[in-house]
Amino acid sequence: MVTTTVCPFGPELQEFWEMRHDLFSRFDEGIRIDAAGLFGVKPEELALRTAARVRGRTVLDALCGVGGTVIAFARTGKLVTTCDIDPDRLAMARENARIYGVENRITFLVDDIREVMGRVEADAVYLDPPWGGKSAAERDRFGLDDYRLDGRDLLRRAFAITPQVILSMPPNFVLSDLVPFGRDFSVEQAIRNGDLLYLNAHFA
Ligand SMILES: C[S@@+](CC[C@H](N)C(=O)[O-])C[C@H]1O[C@@H](n2cnc3c(N)ncnc32)[C@H](O)[C@@H]1O
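Okay, so let's go over this structure. (Residues numbered from 1 in each chain as written. Predicted model: local features only at pLDDT ≥ 70, side-chain atom pairs only at ≥ 80, totals over all residues. Heavy atoms only, no water.)

### Some points on the nonpolar core
Formed by 37 residues in total, the largest nonpolar core has its most connected members in Phe24, Leu38 and Ile106. Of all elements in the fold, only helix 1 (14-18), helix 4 (44-53), helix 5 (68-75), helix 6 (87-99), strand 3 (106-110) and strand 4 (124-127) reach the threshold of two or more residues within this core. Apart from residues lying up to four places away in sequence, Phe24 is in contact with Ile31, Ile33, Val41, Glu44, Val66, Gly68, Ile71, Asn96 and Tyr100. Formed by 33 residues, the second largest nonpolar core is a distinct cluster that contains Leu60, Leu127, Leu149 and Leu155. (Core = buried A, V, L, I, M, F, W, Y, C linked by side-chain atoms within 4.5 Å. Buried < 20%, exposed > 50% of the residue type's maximum accessible area, 1.4 Å probe, protein only. Helix = DSSP H or I, 4+ residues; strand = E, 2+ residues; numbered from the N terminus. Contact = heavy atoms within 4.5 Å.)

Following this line, the structure appears as structure tokens:
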């Protein structure tokens, strides 16, 4: 690999830093990011592809991060409500949305998403809970209990809002964990340069 610049967040995240222009094509226009945001953000083209599959006018992108998927939903014409418990990261997402010219289509909330889900309506809910770092994708299996937030609880709360729920999962996710919800779903594979980066379960 040709290394052009050194990752400001340490060598662990160098491979993600090398991807920064795939994460945000407008990275050099002032995109703001922190270490967790760099690890968690979905690449722009893949996020746009996911967003284009989602039906309806309004989306709750439950866990904002630095705004990769939020911006994609807004760019595909959705009105988005989003939330992050970390005010600094949410501020970064707001600035990043401004760079893409879509901040006016997004409502940003600093809160615990479990509080927000009880009071928000949306045609679709997108869930991208933290995996807990790089090692998550390297273990044998990853299931709903392995996210940093209780995956089952998040899904239950999302289904109380709408049947159209999208859950982002590491490539090693055990899909049988989704069966007890008794709902049909299809699986989207997010592939970049031949590598499976993550999966999305799209519930009807
Ligand atoms: C994997 S990131 C989301 C990445 C985003 N989809 C993107 O493409 O940029 C998950 C985010 O959830 C936030 N988070 C964790 N626990 C939360 C909670 N209880 N309520 C709201 N946000 C939370 C973290 O601060 C983190 O920024």
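### Notes on the site of the ligand
Taken together, 20 residues surround the ligand, and among them Thr69, Asp84, Arg89, Ile113 and Asp128 come closest. In this structure, a nitrogen atom belonging to the ligand sits 2.9 Å away from a main-chain N or O atom of Ile113. When the ligand sits alone it has 610 Å² of accessible area, and the protein chains cover 91% of it. Elements with a minimum of two residues in the shell around the ligand: helix 5 and helix 7 (113-116). Of the residues in the shell around the ligand, the class split is 8 nonpolar, 5 polar and 7 charged. (Near = heavy atom within 4 Å. Polar contact = N/O pair within 3.5 Å; in protein donor to acceptor, adjacent residues only side chain to side chain. Areas by Shrake-Rupley, 256 points an atom, 1.4 Å probe, with all protein chains shown as cover. Nonpolar A, V, L, I, M, F, W, Y, C, P; charged D, E, K, R; others polar.)

### Some remarks on helix 8 (residues 151-159)
Taken together, the buried positions of helix 8 are occupied by Gly151, Asp153, Leu154, Leu155, Ala158 and Phe159. Check the buried side of helix 8 and you find it contacts helix 7, strand 4, strand 5 (165-169) and strand 7 (195-203). Two to three positions downstream of the cap, the backbone nitrogen of Arg152 sits 3.0 Å from a side-chain oxygen, assigning the N-cap of helix 8 to Asp150.

### Some thoughts on the pattern of salt bridges
Going through the model one piece at a time under the given rule, you end up with 14 salt bridges. Arg75 is the salt-bridge partner of Glu44, the closest N and O atoms lying 3.1 Å from each other. Of this pair, Glu44 sits in helix 4 while Arg75 sits in helix 5, and the two are 31 residues apart along the sequence. In this structure, Asp146 engages Arg139 in a salt bridge whose closest nitrogen and oxygen atoms are separated by 3.3 Å. Among the residues examined, Asp146 registers a relative accessible area of 23% and is labelled partly exposed. Look at Arg139 and you get partly exposed, because its relative accessible area is 35%. Through salt bridges that share partners, Asp34, Asp86 and Arg89 make up one connected network. (Salt bridge = Lys/Arg side-chain N within 4 Å of Asp/Glu carboxyl O.)

### A few points about the sheet that holds strand 6 (residues 185-192)
The 7 strands are arranged 3-2-1-4-5-7-6 in an open sheet whose pairing can be described as mixed. What marks the edges here is a single partner per strand, and that holds for strand 3 and strand 6. Put simply, the sheet's adjacent strands are angled 20 degrees from each other on average, direction ignored. Direction of pairing for strand 5 relative to strand 7: antiparallel, over a ladder of 4 bridges. Among the inter-strand pairings, Ser168 is bridged to a residue of strand 7, identified as Asn200. Sitting on the sheet, helix 6 touches strand 2 (79-84) and strand 3, and the angle it makes with strand 3 is about 165 degrees. (Pairing = 2+ DSSP bridges. Axes fitted to C-alpha atoms, helices over the stretch in contact; angles between N-to-C directions.)

### Observations concerning helix 6
When the terminal C-alpha atoms of helix 6 are compared, their 19 Å separation across 13 residues agrees well with the 18 Å that a helix rising 1.5 Å per residue should span. Of all the positions in helix 6, only Arg89, Leu90, Met92, Ala93, Asn96, Ala97 and Ile99 are classed as buried. Across the axial projection of helix 6, the buried residues extend over an arc of 165 degrees, all falling on one side. Where helix 6 is buried, its residues meet helix 3 (35-40), helix 5, strand 2 and strand 3. Here helix 6 starts with a cap whose side-chain oxygen sits 2.9 Å from the backbone nitrogen of Asp88, and that cap is Asp86. Count one or two residues on from helix 6 and you reach Gly101, which has phi positive near 70 degrees. (Expected span 1.5 Å × (residues − 1). Arc of directions from axis to C-beta.)

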